[in-house]
Structures are given as C-alpha cells and as structure tokens.
Amino acid sequence: MKIAITYENGKVFQHFGHTENFKIYDVSDGKIVSFEVVNTEGQGHGALSAFLKERGVEVLICGGIGGGAKQALSENGIRIFGGVTGDCDGAVNAYLKGELAFDPNVKCSHHDHEHAEGHTCGDHGCGKHECKN
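These notes cover the structure that comes with them.

What counts and what doesn't
- Residues numbered from 1 in each chain as written.
- Predicted model: local features only at pLDDT ≥ 70, side-chain atom pairs only at ≥ 80, totals over all residues.
- Heavy atoms only, no water.
- Phe/Tyr/Trp six-rings, centres within 6.5 Å; stacked < 30°, edge-to-face > 60°.
- Buried < 20%, exposed > 50% of the residue type's maximum accessible area, 1.4 Å probe, protein only.
- Helix = DSSP H or I, 4+ residues; strand = E, 2+ residues; numbered from the N terminus.
- Polar contact = N/O pair within 3.5 Å; in protein donor to acceptor, adjacent residues only side chain to side chain.
- Contact = heavy atoms within 4.5 Å.
- Salt bridge = Lys/Arg side-chain N within 4 Å of Asp/Glu carboxyl O.

**Quick look at the packing of aromatic side chains**
- Counted according to the given criterion, the structure contains five aromatic pairs.
- With centroids separated by 6.1 Å and ring planes inclined at 55°, the aromatic side chains of Phe16 and Phe22 adopt a geometry described as tilted.
- The exposure class of Phe16 is buried, given its relative accessible area of 2%.
- Accessibility expressed as a relative area gives 0% for Phe22, which makes it buried.

What follows is the structure, encoded as structure tokens:
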C-alpha cells in the first residue's frame, strides 16, 4: 500500500491544492518499508489527484482540502484523512496503528467564499489571485 502526505519540512502541509511536495510511503504488513519525497512539479488542485493515482497512492493524509479535490481523489479511489497536523512520520505511524486523529468533515477555509471577480473559491485556476479569507 502507498500512503501520501502533503509535505513541508517534515510536517503535514496545510493546503492540499498548494502543496509542492508529497512524502510517499510504501507500507507492507503494517510497517513502513520505504519512502520518498516527490515534487509536484508545479501541479495544483485538480491535477494532484491524477498525480497521486499515477504513483499508486491509496491513502492521502493532509491538512486542509477543498470539496473539488476531495471529490477528485474519491473518484480515483484514494481515501482521504484530512485535518491532520504535525509530523509526517508520526501521522503515518498513527494511521497504521488505527490512532490517527483526523477530521472527516475537514474543509479548506480558502474555499466557498465570494470574490470581487464574480466567482466563488473552488473555481481555482483563473490565475488572477491567491485565495485568502
């Protein structure tokens, strides 16, 4: 099984759609057998689901994540454990023990608010701004 975590300096990065790196773990018999840090090569939001699927990822651990990304990941058969903070290795080990603290209803706070440009966040890709509350 492969588990991916949004990664920045050893910690769970808190915005899935803006992550520059994933730490991807290979797990066998409930133990980590190897891992690698993989750069997303500038891909964001919708493209990240395919990026993970191409690498055989079955589980994603992350901080905040928007509804569109959750749907795309789900459609690709990737289970999501969002709302996680702290150390990446610790989060994976907690997941493997069935002790990971996560929020099944996590929603990225950068989404679903109105902008002056006439769209709602979640419609990313316009390239006109970085969403902020």
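**Things to note about unusual backbone geometry**
- For Asn9, which is not a glycine, the phi torsion comes out positive at approximately 55°.
- Mapped onto the elements of the fold, Asn9 is located in the loop between β1 (2-8) and β2 (11-12).
- In this model, Asp29 sits at a positive phi of 50°, which is unusual for a non-glycine residue.
- Here Asp29 is to be found in the loop between β3 (21-28) and β4 (31-39).

**Notes on the side chain of Thr40**
- Relative to the assigned elements, Thr40 resides in the loop between β4 and α1 (46-54).
- The exposure class assigned to Thr40 is buried, which follows from its relative accessible area of 2%.
- At 3.3 Å, the side chain of Thr40 and the backbone oxygen of Thr19 are in polar contact.
- Those residues in contact with Thr40 that sit more than four places away from it in its chain are Thr19, Glu20, Asn21, Phe22, Leu48 and Phe51.

**Structural notes on the pattern of salt bridges**
- Applying the stated criterion across every chain yields a total of three salt bridges.
- Residues Asp89 and Lys23 are paired through a salt bridge, measuring 2.9 Å at the closest nitrogen-oxygen approach. Here Lys23 lies in strand β3 and Asp89 lies in helix α3 (residues 88-96), a separation of 66 residues in the sequence.
- Classification of Lys23 by relative accessible area gives buried; the value is 7%.
- With a shortest N-O distance of 3.8 Å, Glu54 and Arg55 are connected by a salt bridge.
- By relative accessible area, Glu54 is classed as exposed at 66%.

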